[in-house]
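Residue-level structure breakdown
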Amino acid sequence: MPIDTLPRAEHDKLANAIRSLAMDAVEKAKSGHPGMPMGTADIATVLFSRFLKFDASTPDWADRDRFVLSAGHGSMLVYALLYLTGAPEMTLDEIKNFRQLGSKTPGHPENFITKGVETTTGPLGQGIATAVGMALAEKMLAAEFGKKAVDHHTYVIASDGDLMEGISQEAIAMAGHWKLNKLIVLFDDNDISIDGPLSIADSVDQLKRFQAAGWRAERINGHDPEAIAAAIERAKKSSKPSLIACKTVIGYGAPKKAGTSKAHGEPLGADELKGAKEKLGISPEPFAIAPDVLDAWRKIGARGAAARKTWESLFGTLPPKKQAEFRRRLAHERPAKLAKALAAHKKALLANPQHIATRKSSELAIEAIVPAMPEFLAGSADLTGSNNTKAKSAVAFSAKNPKGRYIHYGIREHGMAAAMNGIALHGGFAPNGATFLVFTDYCRPAMRLSALMGTGVVYVMTHDSIGLGEDGPTHQPVEHVASLRAIPNMRVFRPCDAVEVAECWELALNRIDGPTTLALTRQNLPQLRTDVKVNRSAAGAYELVKAEGKAQATLFASGSEVEIAVAAQKLLAAKGVAARVVSVPSLDLFLEQPAEVRAAVIGSAPVKVAIEAGVRQGWDALIGHDGIFVGMTGFGASAPYKELYKHFGITAEAAAEAVLGRIG
């Protein structure tokens, strides 16, 4: 329920408290962006004082409204709001330590540092796209558990820069198509970017653009609290997602810099700061908030406790099993049935070995997972038939069928990746999305954020090497696996057969503190594993085939090249050379193991070879700088895949000859 209108003088005091803290914090840090918080203070004040459903004392309660500051450079806006409303961890000292090492007020909002921040933002466009995932999760979860459990909105404050980034088009197209009417974007329409007036680089009519994507859109005066409130009221009644373009003045109140790019990304300076405070009627004392103003804000922050308690009462009327399931899902706890289902699946693979592509092995694993894991939420960027991510029982999500558990994202890889971050952050689902591995280039900014935030997203990336064949070098990943391994906290699996695929899915789904990439083949591979008692992929690497006698060489390989390593070992044995084969489904996970574990797996054989249809980067950690690498040194080519492996010298014969050359 919206709160009654505040007298304009009272509203101004509340809004100016935000402006004051933002100006002072940026000035003290000698770094930051004061203009955006100053320009959007009226919008935020109306939203938080009259509409946003939140409880400052319990910032993570399940049915709160989500607030996303997509314009993350204006981070002092959200920090000021957290302090003013009484968030326990956001003290005035934290505000004073803005942008300092170890503070809870980093330069851009970080959800893993600051309680009350829903998602990390800063790279423009990511916030609005992540919010689409949050709104999507709300719609699906409400359809499953009912409004007693789930009934909230997702609000976004976005900048010109957010809307210029290409990902925003992908995001708004999805939101409009899915009719996510509980998503409300408040656009800080200030006509300024870093380089100067927006007109030097952009002339898009954002209202028409959003309307064309299926949104309700209108423009208002962003400094008129009643106009803002009325627009939010209209948006909440709409059957479509809403854009409210709020005409604002960047650096509102600054005597000379207001309305200019000078207010964007630098402190106002002593004279301008003094002038702004005089103009706005703010105390000249740094970080000084009048007691009555702080008290008014604290009452706003406490008011949400009643809404939370009402929700708790309603939720308590649900059947106990439904309550328990909801809590389990929001806590990202995996169902007990999952381990049993995957164990049964792996035993079935031993009884009936599969000679299939690992993308097809993944499909078999998904068929086992779906009945045991109701929160499993798969999807694809228009490559469902190629990625093999849709279970036979899965029904597609749509605006008319929000209970669907398969997402058709369209050809929007970047939007898909960001939306999955939002789904994971919202809670209730375990999202995974798919495309070709080469198109991780389109997903990368959102994938990097998932690693930074620690979201348990799974990226199913098929067609993982030159093994995809005739589509040629534009579609053949060469550097992609290595580049994904280079992202901190991104776990990359490249399984060699159906058993490893099942193990990797198990590890991915049970990882809730970071994302996982599954790199899967187009070409068929033999099933090499003959044991399933232990998840051997959990160590990242393990000895698959022992040497016959004392090992003279160790052959390390991942994915489709493990088959080549096994064949090379046989060729070497015929020549009297003992070699062992180590499967490396996850190089990065293996390198995280204790030194003694790594040493045991790497072994002491004098010749070490790595085989992977990609670049060498990363493998020297196992084979040393003088080790032998059998792989790619450039881009691929268009031809049947078996011819490509021969052409580029990624064969058992080439690996065996390299070992013999080194031993001889």
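Up top is the structure these notes are about.
Here's what I pulled together on the structure shown here. Residue numbers run consecutively from 1 along every chain, following the written order of its sequence. Per-residue local features are limited, in this predicted model, to residues with pLDDT of at least 70; the limit for side-chain atom pairs, both in listing and counting, is 80 or more; totals at the level of whole chains, interfaces and linings are taken over all residues. The basis for every side-chain value is the complete set of heavy atoms in the structure, and neither hydrogens nor water enter the calculation.

1. Topic: the overall build of the chain
Convention followed: Helix and strand assignments come from DSSP, with helices taken as H or I runs of at least 4 residues and strands as E runs of at least 2, each series counted from the N terminus. Throughout, the radius of gyration refers to the C-alpha atoms, and the reference size of a globule is 2.2 Å times the residue count to the power 0.38. Summary of the burial criterion: residues with accessible area below 20% of their type's maximum are buried, those above 50% are exposed, and those between are partly exposed, where the area comes from a 1.4 Å probe applied to protein chains only. In this description, contact between two residues means that some pair of their heavy atoms is separated by no more than 4.5 Å. For the area figures, the Shrake-Rupley method with a 1.4 Å probe applies, and any residue is considered shielded solely by the protein chains shown. A residue counts as positive if it is Lys or Arg and as negative if it is Asp or Glu; His and the chain ends are not included. In plain terms, the charge of a residue is placed at NZ if it is Lys, CZ if Arg, CG if Asp and CD if Glu.
Looking only at helices and strands, the chain has 25 helices and 20 strands in total. A globule of 664 residues ought to have a C-alpha radius of gyration of about 26 Å, and the chain, at 28 Å, matches this closely. In terms of principal-axis extent, the alpha carbons of the chain reach across some 90 × 55 × 45 Å. Looking at the chain as a whole, 61% of its 664 residues are labelled buried. For the chain, contacts bridging at least 24 residues in sequence account for 78% of all contacts bridging at least 6. When the accessible surface of the chain is totalled, it reaches about 24,800 Å², and 54% of it is carbon and sulfur. Where the 77 positive side-chain charges of the chain centre and where its 71 negative ones centre are 5 Å apart.

2. Examining the nonpolar core
Heads up, the condition is: Definition of nonpolar core: a set of buried residues of the types Ala, Val, Leu, Ile, Met, Phe, Trp, Tyr and Cys, connected through side-chain atoms within 4.5 Å.
One finds Trp 178, Leu 183, Trp 215, Phe 326 and Tyr 409 to be the most contacted residues of the largest nonpolar core, which totals 68 residues. For Trp 215, the residues in contact, after removing those within four places along its chain, are Ile 172, Ala 175, Gly 176, Leu 183, Val 185, Phe 210, Lys 240, Pro 241, Ser 242 and Leu 243.

3. Points about helix α10 (residues 270-280)
Inspection of α10 places Glu 272, Leu 273, Gly 275, Ala 276, Lys 277 and Leu 280 among the buried residues, and these make up the whole buried set. Turning to α10, the residues buried within the fold contact α1 (8-29). Of the residues one or two after α10, Gly 281 is the one with positive phi, at around 75 degrees.

4. Brief notes about the sheet that holds strand β14 (residues 516-519)
To keep things clear, this is the line we draw: Two strands are counted as paired when DSSP detects at least two bridges linking them. Between N-to-C directions, angles cover 0 to 180 degrees, with each direction set by a line fitted to C-alpha atoms, over the stretch in contact for helices.
The 6 strands lie next to each other as β10-β9-β11-β12-β14-β13, forming an open sheet whose pairing is parallel. At either end of the open sheet lies a strand with only one pairing partner, and these are β10 (406-408) and β13 (491-493). Between one strand axis and the next, the sheet turns through 20 degrees on average, direction left out of account. Of the strand pairs in this sheet, strand β9 (residues 376-380) and β10 are connected by 3 bridges, and their pairing is parallel. Bridge pairing in β10 links Ser 380 to His 408. Together, β11 (430-436), β12 (458-462) and β14 form the strand contacts of helix α17 (residues 440-453), whose direction differs from that of β12 by roughly 160 degrees. The sheet strands contacting helix α19 (residues 498-509) are β9, β11, β12, β13 and β14, and the helix crosses β12 at an angle near 150 degrees.

5. What about the sheet that holds strand β18 (residues 579-583)?
Here 5 strands make up an open sheet; going across it, the order is β16-β18-β17-β19-β20 and the pairing mixed. On the outer flanks of this sheet lie β16 (542-545) and β20 (628-631), each paired with one strand and no other. Strand-to-strand, the axes of this sheet are offset by a mean angle of 30 degrees, without reference to chain direction. Contacts from helix α22 (residues 595-602) reach β16, β17 (553-557), β18 and β19 (607-612) within the one sheet, and its direction differs from that of β18 by about 135 degrees.

6. With respect to the layout of surface pockets
Note the following rule: With a 1 Å grid spanning the protein atoms alone, the term cavity applies to any set of points in which a 1.4 Å probe fits but cannot get out, the term pocket to an open set with protein on both sides within 12 Å along at least five of seven lines, and the term lining residue to any residue with an atom within 4 Å of a point. Grid points are joined across faces, edges and corners, and a volume is the space filled by probe spheres set on the points. In this classification, Asp, Glu, Lys and Arg are treated as charged, Ala, Val, Leu, Ile, Met, Phe, Trp, Tyr, Cys and Pro as nonpolar, and every other residue, Gly included, as polar.
Here the largest pocket defines a volume of roughly 850 Å³. Lining the largest pocket are 42 residues, and of these Pro 59, Asp 60, Arg 64, Val 117 and Glu 118 lie nearest its centre. Where the lining of the largest pocket is concerned, the elements lending two or more residues are β1 (66-69), α3 (76-85), α16 (413-426) and β11. By residue number, the principal contributor to the lining of the largest pocket is α3, which donates 4 residues. Residue classes in the lining of the largest pocket are distributed as 23 nonpolar, 11 polar and 8 charged.

7. Points about the environment of Gly 107
Note that Gly 107 resides in the loop between α4 (92-96) and α5 (126-145). Here the alpha-carbon distance between Gly 107 and Leu 591, two residues 484 residues apart in the chain, equals 32 Å. Once residues lying within four places of it in the same chain are set aside, the contact partners of Gly 107 are Gly 72, His 73, Ser 75 and Arg 99.

8. A look at the pairing of β1
Both faces of β1 are covered, namely the face carrying Arg 66 and Val 68 and the face carrying Phe 67 and Leu 69. Relative to strand β2 (residues 154-159), β1 runs parallel, the two being bridged by 4 bridges. Residue pairing for β2: Phe 67 is matched across the bridge by Tyr 155.

9. Side note on the packing of α1 against helix α11 (residues 291-315)
Which entries qualify depends on this criterion: Here the word oblique covers every angle except those under 35 degrees (roughly parallel), over 145 (roughly antiparallel) and from 65 to 115 (roughly perpendicular).
Running from amino to carboxyl end, α1 crosses α11 at an angle of 95 degrees, the nearest separation of the two axes being 10 Å. The orientation of α1 with respect to α11, classified from their angle, is roughly perpendicular. For the pair α1 and α11, contact is made by Lys 13, Leu 14, Ala 17 and Ile 18 and by Asp 292, Val 293, Ala 296, Trp 297 and Ile 300, respectively. Its residues assigned to classes, the contact of α1 with α11 shows 7 nonpolar, no polar and 2 charged.

10. A look at the pattern of salt bridges
Cut-off, in case you're wondering: Should a side-chain nitrogen of Lys or Arg be within 4 Å of a carboxyl oxygen of Asp or Glu, the pair is scored as a salt bridge.
Summed over all chains, the structure comprises 43 salt bridges. Asp 63 is the salt-bridge partner of Lys 53, the closest N and O atoms lying 2.8 Å from each other. Linking Lys 53 in the loop between α2 (35-50) and β1 with Asp 63 in the loop between α2 and β1, this pair joins segments that are 10 residues apart in sequence. Across the pair Lys 247 and Asp 191 runs a salt bridge whose closest N-O atoms are separated by 2.5 Å. Here Asp 191 lies in the loop between β3 (183-189) and β4 (192-193) and Lys 247 lies in strand β7 (residues 242-247), a separation of 56 residues in the sequence. Judged by relative accessible area, which is 29%, Lys 247 ranks as partly exposed. Linked through salt bridges whose partners overlap, the residues forming this network are Glu 144, Glu 325, Arg 328, Arg 329, Arg 334, Glu 375 and Arg 405.

11. Topic: the side chain of Arg 494
By secondary structure assignment, the location of Arg 494 is in the loop between β13 and α19. On the basis of relative accessibility, which here comes to 2%, the residue Arg 494 falls in the buried class.

12. Remarks on unusual backbone geometry
You will see that Asp 382, though not glycine, has its phi angle at about 70 degrees, which is positive. Relative to the helices and strands, Asp 382 resides in the loop between β9 and α15 (384-387). Phi is positive for His 463, which is not a glycine, with a value near 60 degrees. With respect to the element layout, His 463 can be found in the loop between β12 and α18 (480-485).

13. Points about the environment of Val 132
As for its placement among the helices and strands, Val 132 is situated in helix α5. For Val 132, a relative accessible area of 1% translates into the label buried. The spatial distance from the C-alpha of Val 132 to the C-alpha of Glu 548 is 56 Å, given a sequence separation of 416 residues. Non-local contacts of Val 132, meaning those with residues more than four positions away in its chain, are made with Ala 171, Ala 175, Trp 178, Leu 180 and Leu 183.

14. Let's talk about the pairing of strand β6 (residues 216-221)
Within a regular strand, the side chains alternate between the two sheet faces. Rules: With the strands pointing away from the viewer, any crossover whose connection runs clockwise from the first strand over the helix to the second is right-handed.
Relative to β7, β6 runs parallel, the two sharing 6 bridges. Across the sheet, Asn 221 pairs through a bridge with Lys 247, a residue of β7. For the segment spanning β6, helix α9 (residues 225-236) and β7, crossover handedness is right-handed.

15. A word on the packing of aromatic side chains
Stated precisely, the cut-off is as follows: Each Phe, Tyr or Trp ring (for Trp, its six-membered ring) is paired with any other whose centre lies within 6.5 Å, and the angle between the two planes then decides the class: stacked below 30 degrees, edge-to-face above 60, tilted in between.
If you walk through the whole model with that rule in mind, you get 14 aromatic pairs. With 5.2 Å between their ring centres and 55 degrees between their planes, Phe 315 and Phe 326 make a pair best called tilted. Taken together, the residues span a long stretch of sequence, with Phe 315 in helix α11 and Phe 326 in helix α12 (residues 320-330) at a distance of 11 residues. Of the two residues, Phe 315 and Phe 326, neither departs from the other in class, the shared state being buried. When the centroid spacing of 6.4 Å and the interplanar angle of 85 degrees are considered together, the rings of Tyr 641 and Tyr 645 count as edge-to-face. On the criterion of helical spacing, the pair formed by Tyr 641 and Tyr 645 is a turn pair, its members being 4 residues apart in helix α24 (residues 641-647). For Tyr 645, a relative accessible area of 7% gives the class buried. Cluster of aromatic residues (ring-pair linked, three or more members): Trp 61, Phe 145, Trp 311, Phe 315 and Phe 326.

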